[in-house]
Amino acid sequence: MKKLGCLMLILAIPILILSMLMVGVIMVATGDNDTMGSDSDSDFTDVDGEYRFNAMNEEVERYRPYFERYAKENGIEDHVEILMGMTMQESGGRLADVMQSSESLGLPRNTITDPEESIKQGVSYFADVLELAGGDTELALQAYNMGHGFIDYAHENNGGNYSQELAYEFGEMMASRLGWNNYGDENYVDNVMRYLDKNDDTEYAGGSGDWSLPLENIRITSEFGPRIHPVTGEVNRFHGGLDFGCTPADDILSVADGKVIEAVHSNVGYGNYVTVQHGNDEYSRYAHLSSIGVSQGDTVSQGESLGKCGTTGSSTGNHLHLEHITDLGQPPEAKTDPRETLGL
Ligand SMILES: [Zn+2]
């Protein structure tokens, strides 16, 4: 018996080592697969919403000297804004591993606990990828998210150029190869570049409708109505709400006086969400919150905080999905465009 046990141990050790090595290889291959803002268990049609902030928030802005220092050290001082946009996308400046760069060292996610160390490593890794990408910022960004393999793939299939379609194809190929639902963020380039777009969006000072605004500062990132796949042109599920970009620091505000009829914690679909009843046939629903600050049965006033902005459930990044419902359980296409009720 003892001999048999010993033999099994001798056999088991190499298998164990081999499987550990394979896990390591997969982790390296995925690079920065799962950014803070992306959701890995939703397919494309369920993903809800794009998002954008008004450029950098103060959490990221406070690290600017580090970005400048390490960008200079790596000879990419003209990429400081891009690096900060990446950090907004990766963590919003709110995790110690601000650039989520531990994975680029082959370490598990969030093992770097010092923001400066994370920036130092993230900038150095981006500089390497940028060089591999021949200085093409878009190609380098997508490779920072999906791994070096994306650059080779671009050379093999697209003359070495980035395109969003190519990112979709590569993501799909890698996901099916690894048996995952989702691989990386196909919209990573757009998601990062948004933080650099300071002037291309209308800002709304305030609405003129029956409802007040659900956020102190609003920026619409996705409209109510049918959605078109950005690449294939395929018409997806009807989007039954209006999306607003926000950060986890932002309070989600009740659009009118009412009563909380749902305060649900979930990690699928709407994620954490609150539904407020304002009348017999008028409800507002607030989805993807990071935390909920009210309970079912609470009476709330217009402008009162219901919770904090987040990216729970089927969501690709921090945003608020707001719905105007007239009959609980109605399908998305029967809902009302919140733009109308908000007077936007
Ligand atoms: Zn939405």
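Above: the structure in question.
Read on for a plain summary of the structure. Because the structure is predicted, anything quoted here is derived from the model rather than measured.

### Section: the packing of aromatic side chains
Scanning all chains against the criterion turns up 10 aromatic pairs. Centre to centre, the rings of Tyr 125 and Tyr 144 are 5.4 Å apart; their planes meet at 55°, and the pair counts as tilted. Placement of Tyr 125 in helix α5 (residues 115-132) and of Tyr 144 in helix α6 (residues 137-146) is noted, with a sequence separation of 19 residues between them. Of the two residues, Tyr 125 and Tyr 144, neither departs from the other in class, the shared state being buried. Here the aromatic residues Phe 150, Tyr 153, Tyr 162, Phe 170, Trp 180 and Tyr 183 are joined through ring pairs into a cluster of three or more.

### Looking at the pairing of strand β11 (residues 305-308)
Bridge count for strand β5 (residues 251-253) against β11 is three bridges, and the pairing is antiparallel. Note on β11: the bridge partner recorded for Leu 253 is Ser 305. Pairing between strand β9 (residues 291-292) and β11: two bridges, direction antiparallel. Paired with Ile 292 across the strands is Gly 307, a residue of β11.

### Structural notes on the packing of α6 against helix α7 (residues 149-157)
Put simply, α6 and α7 touch, their axes get as near as 7 Å, and they point 130° apart. In terms of axis orientation, α6 runs oblique to α7. In this structure, α6 contributes Leu 139, Gln 142, Ala 143 and Met 146 to the contact, and α7 contributes Phe 150, Ile 151 and Ala 154. For the contact of α6 with α7, the residue count by class is six nonpolar, one polar and no charged.

### Description of the pattern of salt bridges
Taken as a whole and judged by the stated rule, the model has 10 salt bridges. With a shortest N-O distance of 2.4 Å, Glu 61 and Arg 64 are connected by a salt bridge. Where salt bridges share partners, they join Glu 262, Arg 285, Glu 323 and Lys 335 into one cluster.

### Details of the nonpolar core
If you look at the biggest cluster of nonpolar residues, it comprises 44 residues, and the most contacted ones within it are Phe 67, Leu 83, Met 86, Met 99, Phe 126 and Phe 150. Secondary-structure elements contributing two or more residues to this core are α3 (64-73), α4 (80-90), α5, α6, α7, α8 (164-178) and α9 (188-193).

### Looking at the packing of α3 against α5
It is at 9 Å that the axes of α3 and α5 come closest, and there the two elements cross at 35°. Judged by the twist between their axes, the crossing of α3 over α5 is right-handed. Listed contacts from α5 to Tyr 66, Phe 67, Arg 69, Tyr 70 and Ala 71 of α3 are Glu 116, Ile 119, Lys 120 and Val 123. Class assignment for the residues of the contact of α3 with α5 results in six nonpolar, no polar and three charged.

### Points about the sheet that holds strand β6 (residues 258-264)
One open sheet holds the seven strands; their spatial order is β1-β4-β12-β8-β7-β6-β10, and the pairing between them is antiparallel. Two strands in the sheet have a free side with no partner beyond their single neighbour: β1 (220-222) and β10 (299-300).

### Details of the state of the cysteines
On inspection of all chains with the given rule, the structure shows one disulfide. In this model, Cys 246 is linked to Cys 309 through a disulfide, with the two sulfur atoms separated by 2.2 Å. Given an S-S torsion of about 80°, the disulfide between Cys 246 and Cys 309 has right-handed geometry. Residue Cys 246 is located in the loop between β4 (242-245) and β5, and its partner Cys 309 is located in the loop between β11 and β12 (319-325); the two are separated by 63 residues in the primary sequence. Here Cys 246 matches Cys 309 in class, with each residue buried.

### Overview of the side chain of Asn 57
Inspection of the secondary structure assignment puts Asn 57 in the loop between α1 (2-30) and α2 (58-61). Here Asn 57 falls in the buried class, since its relative accessible area comes to 11%. Side-chain polar atoms of Asn 57 contact the backbone oxygen of Gly 92, separated by 3.0 Å.

### Remarks on the sheet that holds β9
On the basis of which strands lie adjacent, the open sheet formed by three strands has the order β5-β11-β9 and antiparallel pairing. Edge positions in the sheet fall to β5 and β9, since each of these pairs with one other strand and no more.

### With respect to α5
Between the first and last C-alpha of α5 there are 25 Å, a value that for 18 residues agrees with the 26 Å anticipated at 1.5 Å per step. Restricting attention to buried positions, one finds in α5 the residues Pro 115, Ser 118, Ile 119, Gln 121, Gly 122, Val 123, Tyr 125, Phe 126, Ala 127, Val 129 and Leu 130. With a side-chain oxygen positioned 3.2 Å from the backbone nitrogen of Glu 116, the residue opening α5 is Asp 114. One or two positions beyond α5, positive phi appears at Gly 134, with a value near 65°.

Analysis parameters
- Residues numbered from 1 in each chain as written.
- Predicted model: local features only at pLDDT ≥ 70, side-chain atom pairs only at ≥ 80, totals over all residues.
- Heavy atoms only, no water.
- Phe/Tyr/Trp six-rings, centres within 6.5 Å; stacked < 30°, edge-to-face > 60°.
- Helix = DSSP H or I, 4+ residues; strand = E, 2+ residues; numbered from the N terminus.
- Buried < 20%, exposed > 50% of the residue type's maximum accessible area, 1.4 Å probe, protein only.
- Pairing = 2+ DSSP bridges.
- Axes fitted to C-alpha atoms, helices over the stretch in contact; angles between N-to-C directions.
- Parallel < 35°, antiparallel > 145°, perpendicular 65-115°, else oblique.
- Contact = heavy atoms within 4.5 Å.
- Nonpolar A, V, L, I, M, F, W, Y, C, P; charged D, E, K, R; others polar.
- Salt bridge = Lys/Arg side-chain N within 4 Å of Asp/Glu carboxyl O.
- Core = buried A, V, L, I, M, F, W, Y, C linked by side-chain atoms within 4.5 Å.
- Left-handed = near helix turned anticlockwise from the far one by under 90°.
- Disulfide = S-S within 2.5 Å.
- Polar contact = N/O pair within 3.5 Å; in protein donor to acceptor, adjacent residues only side chain to side chain.
- Expected span 1.5 Å × (residues − 1).

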